[in-house]
Amino acid sequence: MGVLLNMFGQGMMLSYPSVLLPALLSPNSIIKTEFHEASWLASCIGIASIPGFLSSSFLMEMYGRKKAHVAVVIPALIGWVIIYFATSIPVLLCGRCLCGITGGATISLGPIVIGEYTSPKNRGMFLNLKTTAVCLGNSVVHIFAHFFNWKTIALIAVVPHMLALLIILTWPESPSWLASKRRFEESQKSFYWLRGNDRRAILEMEDLFRAQKEKLSQYPEHGDNSNLIMDFIRKFKERSFVKPVFIVCFAGLLLESCGRHIFPAFATQIIGEITSNKSQSFYYTLGIDIIITASALFSSFLVKIMKRRTLLLGSGFIALFILFCVCLYMLLSAKGIVSNERTWIPILLFTVYFIVSNLGCTPIPLALLGEIFPLAHRGAGSCVAGFIMSMYIMLAMQATPYLLITVKVYGTFTIFGILMGISLIALYVILPATKDRTLQEIEDYFQTGKFRKENLGTDEVNMKMLSS
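Residues numbered from 1 in each chain as written. Predicted model: local features only at pLDDT ≥ 70, side-chain atom pairs only at ≥ 80, totals over all residues. Heavy atoms only, no water.

A. Quick look at the overall build of the protein chain. Scanning the protein chain from terminus to terminus reveals 22 helices and 0 strands. Computed over the C-alpha atoms, the radius of gyration of the protein chain is 23 Å, within 12% of the 23 Å expected from 2.2 N^0.38 for a compact globule of 468 residues. Taking the principal axes of the C-alpha coordinates as reference, the protein chain spans close to 75 × 45 × 40 Å. By residue count, 58% of the 468 residues in the protein chain fall in the buried class. Intrachain contacts of the protein chain at a sequence separation of at least 6 include 81% that bridge at least 24 residues. Accessible surface, the protein chain as shown: approximately 19,500 Å² in total, 68% of it carbon and sulfur. When the 40 basic and 28 acidic side-chain charges of the protein chain are each reduced to a single mean position, those positions are 3 Å apart. (Helix = DSSP H or I, 4+ residues; strand = E, 2+ residues; numbered from the N terminus. Rg over C-alpha atoms; globule rule 2.2 N^0.38 Å. Buried < 20%, exposed > 50% of the residue type's maximum accessible area, 1.4 Å probe, protein only. Contact = heavy atoms within 4.5 Å. Areas by Shrake-Rupley, 256 points an atom, 1.4 Å probe, with all protein chains shown as cover. Lys, Arg positive; Asp, Glu negative; His and termini not counted. Charge placed at Lys NZ, Arg CZ, Asp CG, Glu CD.)

B. Region of interest: helix 1 (residues 2-15). Across its 14 residues, helix 1 extends 21 Å between first and last C-alpha, which sits within 8% of the 20 Å expected from 1.5 Å per residue. Here helix 1 lies mainly inside the structure; 14 of its 14 residues are buried. (Expected span 1.5 Å × (residues − 1).)

C. View of the side chain of Ser-56. As for its position among the elements, Ser-56 is in helix 3 (residues 35-62). In this structure Ser-56 comes out as buried when scored by relative accessible area, which is 0%. Once you skip the residues sitting within four places of it in the chain, Ser-56 turns out to touch Val-72, Ala-105 and Ser-108.

D. Fine view of helix 19 (residues 378-406). With 29 residues, helix 19 ought to run about 42 Å at 1.5 Å a step, and its terminal C-alpha atoms sit 41 Å apart, in line with that. For helix 19, the principal kink sits at Thr-400 and spans about 35°; a proline, Pro-401, occurs within the next four residues. Most of helix 19 sits inside the fold, with 21 of its 29 residues counted as buried. (Bend = angle between axes of the 7 residues up to and from the residue.)

E. Representation of the pattern of salt bridges. Following the criterion strictly, the structure yields 7 salt bridges and no others. In this structure, Glu-61 engages Arg-65 in a salt bridge whose closest nitrogen and oxygen atoms are separated by 3.5 Å. Glu-61 sits in the partly exposed class, given a relative accessible area of 23%. For Arg-65, a relative accessible area of 0% gives the class buried. Beyond isolated ion pairs, a larger network of salt bridges with shared partners links Glu-61, Arg-65 and Glu-116. (Salt bridge = Lys/Arg side-chain N within 4 Å of Asp/Glu carboxyl O.)

F. View of the environment of Leu-375. Along the chain, Leu-375 falls in the loop between helix 18 (363-368) and helix 19. Residue Leu-375 is classed as buried on the basis of its relative accessible area, which comes to 6%. Contacts of Leu-375, omitting those with residues within four sequence positions, involve Arg-65, Glu-116, Ser-176, Ser-180, Leu-208, Gln-212 and Glu-443.

G. Molecular detail of the nonpolar core. Judged by nonpolar contacts, the single largest core of 118 residues is most densely connected at Trp-80, Leu-92, Phe-350, Tyr-353 and Met-420. Discounting chain neighbours no more than four positions away, the residues touching Met-420 are Leu-254, Ser-257, Cys-258, Gly-316, Ala-319, Leu-320, Leu-323, Tyr-353 and Cys-361. In terms of nonpolar packing, the next biggest core, distinct from the first, is built from 9 residues, Phe-184, Met-205, Leu-208 and Leu-375 among them. (Core = buried A, V, L, I, M, F, W, Y, C linked by side-chain atoms within 4.5 Å.)

H. Quick peek at unusual backbone geometry. Even without being glycine, Arg-182 reaches a positive phi, approximately 70°. Tracing the backbone shows Arg-182 in the loop between helix 9 (175-180) and helix 10 (184-195). For Arg-182, a relative accessible area of 30% translates into the label partly exposed. The phi dihedral of Lys-408 is positive, around 65°, even though this residue is not glycine. As for its position among the elements, Lys-408 is in helix 20 (residues 408-430).

I. Seen up close, the state of the cysteines. Here the structure, examined in full by the defined rule, presents 0 disulfides. Note on Cys-94: no disulfide assigned, nearest cysteine sulfur contributed by Cys-97 at a separation of 7.0 Å. Residue classification places Cys-94 among the partly exposed positions, given a relative accessible area of 39%. Residue Cys-325 stays outside any disulfide, its sulfur separated by 9.4 Å from that of Cys-327, the closest cysteine. (Disulfide = S-S within 2.5 Å.)

J. Region of the structure containing the packing of helix 1 against helix 2 (residues 17-25). Their axes nearest at 5 Å, the elements helix 1 and helix 2 cross at an angle of 30°. In terms of axis orientation, helix 1 runs roughly parallel to helix 2. Residues Met-13, Leu-14 and Ser-15 of helix 1 form the contact with helix 2, whose own contacting residues are Pro-17, Ser-18 and Val-19. Residues of the contact of helix 1 with helix 2, tallied by class, amount to 4 nonpolar, 2 polar and no charged. (Axes fitted to C-alpha atoms, helices over the stretch in contact; angles between N-to-C directions. Parallel < 35°, antiparallel > 145°, perpendicular 65-115°, else oblique. Nonpolar A, V, L, I, M, F, W, Y, C, P; charged D, E, K, R; others polar.)

K. Structural view of the packing of aromatic side chains. Using the criterion set out here, one finds 12 aromatic pairs in the structure. Seen from their ring centres, Tyr-16 and Trp-80 are 5.0 Å apart, and the 90° between their planes marks the pair as edge-to-face. Here the residue Tyr-16 occupies a position in the loop between helix 1 and helix 2, and Trp-80 occupies one in helix 4 (residues 65-85), the gap between them amounting to 64 residues. Just as Tyr-16 is buried, Trp-80 falls in that class too. With centroids separated by 5.1 Å and ring planes inclined at 65°, the aromatic side chains of Phe-350 and Phe-413 adopt a geometry described as edge-to-face. Remark: Phe-413 occurs in helix 20 and Phe-350 occurs in helix 17 (residues 344-360); sequence separation between them is 63 residues. Among the residues examined, Phe-413 registers a relative accessible area of 0% and is labelled buried. Feature note: the residues Phe-350, Tyr-353, Phe-354, Phe-413 and Phe-416 constitute an aromatic cluster, connected by ring pairs. Sitting over the ring of Phe-184, Lys-213 keeps its end group 5.0 Å from the ring centre. The ring of Tyr-428 carries the charged tip of Arg-309 above its face, separated from the ring centre by 5.2 Å. (Phe/Tyr/Trp six-rings, centres within 6.5 Å; stacked < 30°, edge-to-face > 60°. Lys NZ or Arg CZ within 6 Å of the ring centre and 35° of its normal.)

If you want it as C-alpha cells, here you go:
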C-alpha cells in the first residue's frame, strides 16, 4: 500500500495538467500565461524526474529501500503545497518539478521494492496493481476537476503521499539489499517477516545468499568514488546489464507511445476535439477513465494466469491494430469521406484501444523495472532506466500539445502508433518470459543467456531441501 499510494499520487500529478492548463489559459485566470509556458508546466515533470531517478538510485544503494522511499516522498508533499499557494508561473513550475522528482524516483524504486519484498507467485499481480493505482489517480483528478478548482485539488493531492509516508515507516528493510551489504542475519529475519519460512521461501532465500556470497567474495567491502565510477562504466560491457537496458529502452518507448502519460494530461482536449463538444468532454473522459482503471485492475489478475511476455505482445499488437483503425476513421471523417456526426465510433474505438493497451502495454513495461536488473546492477540500472524514461516523458509531454494543434488527434496517435509498432517488434525479439521466476533465476538468465533451472514443483522443492 505504501508503493501503491505513491503511485496513486503520481497518477494525480500526471493528469493535473488537464485541470491546470485550461484554467490558466482561460481569460479570467488569476495567473496569466502563454501557450508555450503552459506546455512547460505539463512537460517539466520529465526533466524533473531525472534528478528523482538519480537520487533514488543512490539512496536505495547506500541507505536501503525503506529510507530511500521515505526520502523521495517528501518533495511531492512540498511540491503540492507550493502549487496550492502559487501566484505565478515560476512558482507553479517549482511545485511541478518537486512533484516530478518524486514521480521519477518512485517509477524505478516502487517496482524494485515490490520485486524484492514479494514472492514470485504474487509479484506480477502487485507490479501490475501499480498501473491500476496510477489510473485511479488520473480518474480522481478528472472527477475532482468538475467540482473543485486547481488549487483545491493540489491540496487534496497531499493526502495519498502523507498516508504513504506513514505506511513506509512500518516496513522492514529489503532482504536483498541487506544480503548485498553482507548483513545476512538481518536479511534472514526480514525475509521471514515478509515471506514466512515455508520450504519454497527458505530455498529462495538460500539461493539469494549463495549468489551474493559468490559475488561479494570477488569485490572489496569498500571502494572509493573513482572505483565506483569505473565500476559503473564497466557495467556497459556486461551482458547482464546491457541487455536489460535495451529492454528498458523499448519498453519505455512502448509505454509512452501507447499514450500512458499523454492521455491523462490532455484527456479533455483530446476528447473535446473528437466529439466537437467541450461541454460533454467531462463525461466521456470520466467514462474512459473508469474503463481504463477497470482494465488495469483486470490485468493484475490476468497476469497471474498468463506469461507477461504473451500478455504484453498479444495485447500490444491488438491495441496497435485498433489504434490505426480509429486514426484512419478520423482521417476519413476530417476529409469528409465519411460522416463526422457519428462521434460515438471513434470514442468507442478509443475506449476499446485503452482497454486492450492497459492489459499489457502500460503495466508490464514498468513492472519489468522490478525484475530484469540483477541485484548488483539494480541501482545503476534504475539510474539508466530513469534517465531513459524521463527523456521519453519530457519529449512526449512537450510534443503532444503541438502535435494536437498541427496534425490533430489522428495524426498524433498515428505517429505514436508507428513508434509503438517498432517497440513491440523489438520486445518480441529480446524479452524473456519471467512469470513465476525468482529474481535470482532471472538474474542467472541475463548472465548466462538461459534459465539456470525450471521452476520447481512442491515435491521437487521438498526433495531438494532433504538432499541439502
